[in-house]
Amino acid sequence: MPEENPSPTPIKPLPRRMRNWLDEAVLIVLLLLSLGGAAISAFSAQDDYVYWLGMIPLFWLGAILSSWAQAGADDEAQTFRRLLWIELLHWGGTLAAVIGVFFLRYLQLLGDTAAVLVMLLILALSAYLNGIRIGWRFSLLGVFLGVTAMLAAYVQQFLPLAALLAVALIVFSIYTRRRRTRQVDHGA
């Protein structure tokens, strides 16, 4: 007689090189999309709302891919359903906070620029905290968003600095991956 409630199958770990590549690719794509959002905010705070709201599902998808890449690297076995649920709760909470900012803007308690900066800080904190759980590269994304928000608040022409920061974080991520790969390949 078949078992009625079989235990869920844990996610099978990806090979180490694939895991690092996928995690890095997620960081690069989300950094570039975030840089695009920074460019939009430099020219129009009105369009920025829609862009950052649309980015939340992309952050969610990126977090799922990064979580999947890291699954099996830890001792804790996760099922894909559990992974989806955890990320849905995390990014759903982020979406609720961003909608709260929209509401405050609608009530005219926040101006356009302040609302965009608050949304950026919410996304920065969400990405940073998610990175603590799923991998340091996602935390780098949070750092980028937070620094970009502060640059936008204090520097009139912040976009070149934000682009420089994005390039520096991408180079750092690639360098770190290659360095770790060499260490593992040489038995260090």
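The structure this text deals with has already been given above.
Please read all numbers here as calculations on a predicted model, not as lab measurements.

Draft legend 1. Structural detail: the layout of surface pockets. The calculated volume of the largest pocket comes to roughly 320 Å³. Around the largest pocket sit 13 residues that line it, and Ser41, Ala42, Ala152, Gln156 and Phe158 are the ones nearest its centre. Mapped by element, the contributors of at least two residues to the lining of the largest pocket are α1 (16-43) and α4 (112-134). Of the residues that constitute the lining of the largest pocket, the class distribution is 9 nonpolar, 4 polar and no charged.

Draft legend 2. Highlighting the nonpolar core. Grouped together as the largest cluster of nonpolar side chains are 38 residues, with contacts concentrated most on Trp52, Phe59, Trp91, Phe138, Leu141, Phe144 and Leu145. It is α4 that provides the largest number of residues to this core, a total of 10 residues. In this structure phenylalanine 144 touches Leu31, Ser34, Leu35, Ala162, Leu165, Ala166 and Leu169, once residues within four positions along its chain are discounted.

Draft legend 3. Seen up close, the packing of aromatic side chains. If you walk through the whole model with that rule in mind, you get 4 aromatic pairs. Ring geometry for phenylalanine 59 against tryptophan 91: centres 5.5 Å apart, planes inclined by 10°, an arrangement best described as stacked. On the criterion of sequence distance, the pair formed by phenylalanine 59 in helix α2 (residues 45-70) and tryptophan 91 in helix α3 (residues 80-106) is long-range, its members being 32 residues apart. When sorted by exposure, phenylalanine 59 lands in the same class as tryptophan 91, which is buried. Residues tryptophan 136 and phenylalanine 172 carry aromatic rings whose centres are separated by 5.8 Å and whose planes lie at 75° to one another, so their mutual orientation is edge-to-face. Taken together, the positions of tryptophan 136 in helix α5 (residues 136-154) and phenylalanine 172 in helix α6 (residues 159-185) put the pair 36 residues apart, joining distant regions of the chain. Judged by relative accessible area, which is 42%, phenylalanine 172 ranks as partly exposed. An aromatic cluster is present here, built from Phe59, Trp91 and Phe138 joined pairwise through their rings.

Draft legend 4. Representation of the packing of α3 against α4 in the model. Contact geometry of α3 with α4 gives a least axis separation of 9 Å together with a crossing angle of 170°. Between α3 and α4, the angle falls in the class roughly antiparallel. Considering only the axes of α3 and α4, their crossing is right-handed. Residues Ile86, Glu87, His90, Trp91, Thr94, Ala97, Val98, Val101, Phe102 and Arg105 of α3 form the contact with α4, whose own contacting residues are Asp112, Ala115, Val118, Met119, Ile122, Leu123, Ser126, Ala127, Leu129, Asn130, Arg133 and Ile134.

Scoring rules and cut-offs
- Residues numbered from 1 in each chain as written.
- Predicted model: local features only at pLDDT ≥ 70, side-chain atom pairs only at ≥ 80, totals over all residues.
- Heavy atoms only, no water.
- 1 Å grid on protein atoms, 1.4 Å probe; cavity = no way out; pocket = protein on both sides within 12 Å on 5 of 7 lines; lining within 4 Å.
- Points joined across faces, edges and corners; volume = space filled by probe spheres on them.
- Helix = DSSP H or I, 4+ residues; strand = E, 2+ residues; numbered from the N terminus.
- Nonpolar A, V, L, I, M, F, W, Y, C, P; charged D, E, K, R; others polar.
- Core = buried A, V, L, I, M, F, W, Y, C linked by side-chain atoms within 4.5 Å.
- Buried < 20%, exposed > 50% of the residue type's maximum accessible area, 1.4 Å probe, protein only.
- Contact = heavy atoms within 4.5 Å.
- Phe/Tyr/Trp six-rings, centres within 6.5 Å; stacked < 30°, edge-to-face > 60°.
- Axes fitted to C-alpha atoms, helices over the stretch in contact; angles between N-to-C directions.
- Parallel < 35°, antiparallel > 145°, perpendicular 65-115°, else oblique.
- Left-handed = near helix turned anticlockwise from the far one by under 90°.

By themselves, these observations are geometric and do not establish any function.
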